[in-house]
Amino acid sequence: MPSRVRVGGVILNVPGSEPASPICSAKGCRADAVWVLAWNNPKLHTPDRRKTWLACEEHREYLSKFLGVRGFLKDVVLLEDLDSQEPLERQEPPQSPEA
């Protein structure tokens, strides 16, 4: 079972035994997360609800565009700054052959 770590009110599942380094949400990526992409789907979520994906430097733009073209992206913040933000709920991105 993966370890869990709380970051700024978000509980993250972290593979392996080192819960200190959350990983990128992009399919197959094992790089350390640097960014938090806050989003919501207005057809499913209330306007104040935020889901999150984590991104490394390499996948930040790709994941941001994926959410942006759908009108879902609400905010992008550094993971280290997350402690000062409101609690967010993390969800895994859909599987994509491009990631």
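Keep in mind the model is a prediction, meaning the values are calculated, not measured. (Residues numbered from 1 in each chain as written. Predicted model: local features only at pLDDT ≥ 70, side-chain atom pairs only at ≥ 80, totals over all residues. Heavy atoms only, no water.)

A. Spatial organisation of helix H1 (residues 57-68). The end-to-end C-alpha distance of H1, which contains 12 residues, comes to 17 Å, matching closely the 16 Å that a straight helix rising 1.5 Å per residue would cover. For H1, the full list of buried residues reads His59, Leu63, Ser64, Phe66 and Leu67. The arc that holds every buried residue of H1, seen down its axis, measures 160 degrees, which confines them to one face. In H1, the exposed residues that point more than 90 degrees away from the buried face are Glu57, Glu61 and Lys65. Summarising the contacts, the buried residues of H1 are in contact with strand S3 (35-39), strand S4 (51-55) and strand S5 (73-78). (Helix = DSSP H or I, 4+ residues; strand = E, 2+ residues; numbered from the N terminus. Expected span 1.5 Å × (residues − 1). Buried < 20%, exposed > 50% of the residue type's maximum accessible area, 1.4 Å probe, protein only. Arc of directions from axis to C-beta. Contact = heavy atoms within 4.5 Å.)

B. Representation of the packing of aromatic side chains within the structure. Taken as a whole and judged by the stated rule, the model has three aromatic pairs. Relative to phenylalanine 66, the ring of tryptophan 53 lies with its centre 5.7 Å away and its plane at 45 degrees, an arrangement referred to as tilted. Residue tryptophan 53 is located in strand S4, and its partner phenylalanine 66 is located in helix H1; the two are separated by 13 residues in the primary sequence. Members of the aromatic cluster, joined through ring pairs, are Trp39, Trp53, Phe66 and Phe72. Above the face of the tryptophan 35 ring, arginine 60 is positioned so that its terminal group lies 4.4 Å from the ring centre. Across from the ring centre of phenylalanine 66, 3.7 Å away, lies the NZ or CZ of arginine 70, which sits over that ring. (Phe/Tyr/Trp six-rings, centres within 6.5 Å; stacked < 30°, edge-to-face > 60°. Lys NZ or Arg CZ within 6 Å of the ring centre and 35° of its normal.)

C. The nonpolar core, seen in detail. Membership of the largest hydrophobic core comes to 13 residues, with the highest contact counts inside it found for Leu37, Trp53, Leu63 and Leu67. Those elements giving two or more residues to this core turn out to be S3, S4 and H1. When sequence neighbours within four positions are dropped, the list of residues in contact with leucine 37 reads Lys51, Thr52, Trp53, Ala55, Arg60, Leu63, Ser64, Leu67, Leu73, Asp75 and Val76. Core analysis: the second largest hydrophobic core is formed by six residues, Val36, Leu54, Val77 and Leu79 among them. (Core = buried A, V, L, I, M, F, W, Y, C linked by side-chain atoms within 4.5 Å.)

D. Local environment of the pattern of salt bridges. Applying the stated criterion across every chain, the model contains one salt bridge. Taking the shortest distance from any N to any O, the salt bridge between glutamate 61 and lysine 65 comes out at 3.0 Å. You can see glutamate 61 and its partner lysine 65 sitting in helix H1, four residues apart, about one turn around the helix. Considered together, glutamate 61 and lysine 65 belong to a single accessibility category, that of exposed residues. (Salt bridge = Lys/Arg side-chain N within 4 Å of Asp/Glu carboxyl O.)

Structural measurements only, silent on function.
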